[in-house]
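Fold and geometry: a report
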Amino acid sequence: ICHCGKFVFICRKGIRMQKYTRLATKDDLAEIMAIIGDAKIFLKKSGSTQWQNGYPNEESILDDIKNGDGYVLVVGDKVAGYTAAITGVDPHYLKIEGGSWSDNDDPYTTIHRICLSSNYQGQGLSRIFMSDIISLEYATGVRNFRVDTHRLNKPMQKLATGNGFEYRGIIQVDDEVDPDRLAYELNM
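Reading guide: rules and limits
Residues numbered from 1 in each chain as written. Predicted model: local features only at pLDDT ≥ 70, side-chain atom pairs only at ≥ 80, totals over all residues. Heavy atoms only, no water. Helix = DSSP H or I, 4+ residues; strand = E, 2+ residues; numbered from the N terminus. Rg over C-alpha atoms; globule rule 2.2 N^0.38 Å. Buried < 20%, exposed > 50% of the residue type's maximum accessible area, 1.4 Å probe, protein only. Axes fitted to C-alpha atoms, helices over the stretch in contact; angles between N-to-C directions. Parallel < 35°, antiparallel > 145°, perpendicular 65-115°, else oblique. Left-handed = near helix turned anticlockwise from the far one by under 90°. Contact = heavy atoms within 4.5 Å. Nonpolar A, V, L, I, M, F, W, Y, C, P; charged D, E, K, R; others polar. 1 Å grid on protein atoms, 1.4 Å probe; cavity = no way out; pocket = protein on both sides within 12 Å on 5 of 7 lines; lining within 4 Å. Points joined across faces, edges and corners; volume = space filled by probe spheres on them. Salt bridge = Lys/Arg side-chain N within 4 Å of Asp/Glu carboxyl O.

Regarding its fold elements, the protein chain presents four helices and nine strands. In the protein chain, the succession of helices and strands from N to C terminus is β-β-β-α-α-β-β-β-α-β-α-β-β. Computed over its C-alpha atoms, the radius of gyration of the protein chain comes to 17 Å, within 12% of the 16 Å expected for a compact globule of 188 residues. In the protein chain, which comprises 188 residues, the proportion classed as buried is 44%.

Put into structure tokens, the structure is as follows:
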């Protein structure tokens, strides 16, 4: 155990390390792209077409960072996860099939590109990360959240429902092979 000021940092072997979420910076780009690479491999192995067409790429991540929408999950001193939380109308969410949004009037934040490094999977960090993002956005006044995922991305579906999101229907994204995405919503 190492006591550093007010915090206690404990190593990984049965010991906890500090975990927190912060805005991403350009200095995080290499680590973020490595995490996205891990996620692309995972999705491909699951048979999903999600993220198999070059997206997300450095340009989309740099746009997130420039717009103040990109966040990283930090464990100890390492970037362990990435997501974008974008408030405003998402054009892909304007049309929903097989259901409807519960709240079409109030502003919402869409949580996109949430992923963890393969080095940190299986530790319950995705729930912490999602909770952090919801809390940070809630503090800005947002009470409605949306997320979507491929039908074969079972971990993301579990993460959404485990954080109180409800399945709302199918939306379409820019994927030439399989554009259907399961859409979820959380209203607080």
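This brings us to the environment of Gln 121. As for its placement among the helices and strands, Gln 121 is situated in the loop between β6 (109-116) and α3 (125-139). As a C-alpha pair, Gln 121 and Gly 81 span 40 residues in sequence and 9.8 Å in three-dimensional space.

Take unusual backbone geometry next. Between Tyr 55 and the following residue, Pro 56, the backbone shows a cis peptide bond with an omega angle of -5 degrees. By the secondary structure assignment, Pro 56 is in the loop between α1 (29-45) and α2 (58-66). If you check the backbone angles, Trp 51 has positive phi at about 65 degrees while not being a glycine. Along the chain, the position of Trp 51 falls in the loop between α1 and α2. Of note in this structure, Arg 113 is not a glycine but carries a positive phi near 60 degrees. With respect to the secondary-structure elements, Arg 113 resides in strand β6. The class of Arg 113 is buried, set by a relative accessible area of 11%.

This part covers the packing of α1 against α2. In the contact formed by α1 and α2, the axes pass within 11 Å of each other and the chain directions differ by 125 degrees. By the angle class used here, α1 and α2 are oblique. Judged by the sense of rotation from one axis to the other, the crossing of α1 with α2 is right-handed. Listed contacts from α2 to Leu 29, Ile 32, Met 33 and Ile 36 of α1 are Glu 58, Ile 61, Leu 62 and Ile 65. Its residues assigned to classes, the contact of α1 with α2 shows seven nonpolar, no polar and one charged.

A few words on the layout of surface pockets. As a volume, the largest pocket reaches approximately 1000 Å³. Every residue lining the largest pocket is counted, 41 residues in all, and those nearest its centre are Gln 50, Trp 51, Ile 114, Asn 153 and Met 156. Counting only elements with at least two residues in the lining of the largest pocket, the list comes to α1, β6, α3, β7 (144-149) and α4 (154-162). Take the lining of the largest pocket: its biggest share by element is six residues, from β6. Residues that form the lining of the largest pocket fall into these classes: 20 nonpolar, 13 polar and eight charged. Forming the walls of the second largest pocket are Gly 88, Val 89, Tyr 93, Leu 94, Trp 101, Asn 104, Asp 105, Asp 106, Pro 107, Tyr 108 and Arg 146. Of the residues assigned to the lining of the second largest pocket, the class counts are six nonpolar, two polar and three charged.

Take the pattern of salt bridges next. Throughout the structure, instances matching the rule amount to eight salt bridges. A salt bridge links Arg 168 to Glu 185, with the shortest nitrogen-to-oxygen separation between them at 3.5 Å. Within this pair, whereas Arg 168 is found in strand β8 (residues 166-172), its partner Glu 185 is found in strand β9 (residues 180-187), the two being separated by 17 residues in sequence. Exposure remark for Arg 168: the relative accessible area of 19% places this residue in the buried category. One salt bridge in this structure joins Asp 175 and Arg 181, with 2.9 Å as the shortest N-O distance. Judged by its relative accessible area of 10%, Asp 175 falls in the buried class. Owing to a relative accessible area of 4%, Arg 181 belongs among the buried residues under this scheme. One salt-bridge network, held together by shared partners, links Arg 146, Glu 166, Arg 168 and Glu 185.

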